[in-house]
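Results of the structural survey
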Amino acid sequence: MNTLRNLLIKVYIWGKNFKNKILSKSKNSYQNLHETRTYNDKNSKLIYTMKIKIRSLITHELLIWLGSLGEIFFALFILSYAIYPSVWSISLILVGVLAVLYNNQDIFVYHPTEPPESKVYIELPSLYNLPYEKIDLITSDSVRLHSYLIKQPNETALNVPTLVMFHGNAGNIGQRICIAHYIFHYCCCNIFLVEYRGYGLSEGSPSEKGFYKDAEAAILYLLNRNDINTQKIIPYGQSIGGAVVIDLVNKYNDRLHAYIVENTFTSLPEIGKELFSAIPGIFYLPEIFFKNQVK
């Protein structure tokens, strides 16, 4: 207890010295301001000087108030830590764990290595006898994306819609070519398969904002082509790709013919609450605790 008392006395003395120092500066500023006012008020230089002095006074008074408040909080912190050290230790550990979980939420959302060969082996459309172009997209933040454009033959490509496929949170575009095969033959569409950053052969790391940039790069690329009908571009999102499509529609609604979302959730925070429902209190967490926000 003697150690705690000495510590609190030191804190008090430090705060008092700090306050006296600020008060001394404020007193000098008041004196200078009084001397300045004795000159001609019509002089613009004098008025400017007065403004500077007034600002200085306000700053000094604010520092006095903050210094006093700091003394109180610092003393309360020392006192509470001395009385309940275990509570503070547990609180600091809990905050650290929550910070780590917050920054690593993407691990639970994005799975570019499922199945394990997804980053190594990507099927080609030619395996399904589909004509295609390999496209390297460059996003607004200079990330290179791997993609396939599967076009209908000859003049047909100019008259049919172009479906832009945004896949789910696992795998790569090669695993969706079987779907593109049926769309190509039975719906008579062009298909643009886009591989998100961090997936397959694309560069970068997956993230919510990054996915939105990837989708935007894909749409802007198609709008600049002259061998497809740019009035009939249809984004198609599966699972997490649906959230990407919805964001895209908000930005380019007037440039898109339609949009499709398949098996898409209402929001990632709601999905997270369902997946981790066994954690007590998870349903009462505010949205700010989720890295990936509601769209």
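Bear in mind that the values here come from a model prediction, so they are computed numbers and not experimental data.

Right, let's talk about the overall build of the protein chain for a bit. Helix and strand content of the protein chain: nine helices and six strands. Burial analysis of the protein chain (295 residues in total) assigns 38% to the buried set. Sequence separation of at least 24 residues holds for 70% of the intrachain contacts in the protein chain that already meet a minimum separation of 6. Only carbon and sulfur atoms are counted for the fraction: they give 61% of the accessible area of the protein chain, which is about 17,900 Å².

Residues Val120, Tyr121, Leu124, Leu127 and Tyr132 make up a contiguous nonpolar surface patch of roughly 510 Å² in combined accessible area. Take valine 120: it is sitting in the loop between helix H4 (106-109) and strand S1 (132-138). For valine 120, a relative accessible area of 68% corresponds to the exposed category.

Here we take up helix H8 (residues 240-252). When the terminal C-alpha atoms of H8 are compared, their 19 Å separation across 13 residues agrees well with the 18 Å that a helix rising 1.5 Å per residue should span. Most of H8 sits inside the fold, with 10 of its 13 residues counted as buried. Burial in H8 covers these residues: Ile240, Gly241, Gly242, Ala243, Val244, Val245, Asp247, Leu248, Val249 and Tyr252.

All right, on to the sheet that holds strand S6 (residues 260-262) then. Strands sit in the order S1-S2-S4-S3-S5-S6 across an open sheet of six strands; the sheet is mixed. Every other strand in the sheet has two partners, leaving S1 and S6 as the edge strands with one partner each. Each neighbouring strand pair of the sheet contributes to a mean axis angle of 20 degrees, computed without reference to strand direction. Looking at chain direction, S1 and strand S2 (residues 144-150) are connected through seven bridges and run antiparallel. If you follow leucine 137 over to S2, its bridge partner there is leucine 145. Most of the contacts of helix H6 (residues 177-187) go to strand S4 (residues 190-194), to which it runs at about 165 degrees, and overall it touches S2, strand S3 (162-166), S4 and strand S5 (233-238). Seen against the sheet, H8 touches S3, S5 and S6 and runs at an angle of roughly 145 degrees to S5.

Relative to the elements of secondary structure, glutamine 238 occurs in strand S5. A polar contact is formed between the side chain of glutamine 238 and the side chain of tyrosine 236, at a distance of 3.3 Å.

Once that is clear, we can look at the pattern of salt bridges. Using the criterion set out here, one finds 12 salt bridges in the structure. Put simply, aspartate 136 and lysine 134 hold a salt bridge, and the shortest N to O gap is 3.2 Å. Taking the relative accessible area as the measure of exposure, aspartate 136 reaches 41% and is therefore partly exposed. Relative accessible area serves as the criterion here: at 48%, lysine 134 is assigned to the partly exposed category. Glutamate 216 is the partner of lysine 251 in a salt bridge, and the nearest nitrogen-oxygen pair spans 3.9 Å. Of the two residues, lysine 251 is situated in helix H8 and glutamate 216 in helix H7 (residues 208-223); the sequence distance between them amounts to 35 residues. Linked through salt bridges whose partners overlap, the residues forming this network are Glu133, Lys151, Arg225 and Asp227.

Below, the discussion takes up the environment of proline 235. Within the secondary structure, proline 235 is located in strand S5. On the basis of relative accessibility, which here comes to 0%, the residue proline 235 falls in the buried class. Taking the C-alpha atoms as reference, proline 235 lies 8.3 Å from threonine 162; in sequence the two are 73 residues apart. Filtering out sequence-adjacent residues up to four positions away, proline 235 remains in contact with Val164, Phe166, Ile219, Val245, Leu248, Leu256, Ala258, Tyr259 and Ile260.

With that out of the way, let us pick up the state of the cysteines. Summed over all chains, the structure comprises zero disulfides. The closest cysteine sulfur to the non-disulfide-bonded cysteine 189 is located on cysteine 187, 5.4 Å from its own sulfur. A residue is classified by how much of its surface remains accessible, and cysteine 189, at 9% relative accessible area, is buried.

Turning our eyes to something else, we now look at the packing of aromatic side chains. In the structure shown here, the tally under the stated rule is seven aromatic pairs. On the numbers, 5.8 Å between centres and 75 degrees between planes, the contact of tyrosine 196 with tyrosine 199 is edge-to-face. This pair shows no difference in class: tyrosine 196 is buried, exactly as tyrosine 199 is. With a centroid separation of 4.0 Å and 15 degrees between ring planes, the pair formed by tyrosine 196 and phenylalanine 211 is classed as stacked. Separated by 15 residues along the polypeptide, tyrosine 196 in the loop between S4 and H7 and phenylalanine 211 in helix H7 bring together distant segments of the chain. A single burial state applies to tyrosine 196 and to phenylalanine 211, both of which are buried. What links up through ring pairs into an aromatic cluster is the set Tyr110, Tyr196, Tyr199 and Phe211.

Parameters and conventions
Residues numbered from 1 in each chain as written. Predicted model: local features only at pLDDT ≥ 70, side-chain atom pairs only at ≥ 80, totals over all residues. Heavy atoms only, no water. Helix = DSSP H or I, 4+ residues; strand = E, 2+ residues; numbered from the N terminus. Buried < 20%, exposed > 50% of the residue type's maximum accessible area, 1.4 Å probe, protein only. Contact = heavy atoms within 4.5 Å. Areas by Shrake-Rupley, 256 points an atom, 1.4 Å probe, with all protein chains shown as cover. Patch = residues over 30% accessible without salt bridge, like charges linked within 9 Å, V, L, I, M, F, W, Y side chains within 5 Å. Salt bridge = Lys/Arg side-chain N within 4 Å of Asp/Glu carboxyl O. Expected span 1.5 Å × (residues − 1). Pairing = 2+ DSSP bridges. Axes fitted to C-alpha atoms, helices over the stretch in contact; angles between N-to-C directions. Polar contact = N/O pair within 3.5 Å; in protein donor to acceptor, adjacent residues only side chain to side chain. Disulfide = S-S within 2.5 Å. Phe/Tyr/Trp six-rings, centres within 6.5 Å; stacked < 30°, edge-to-face > 60°.

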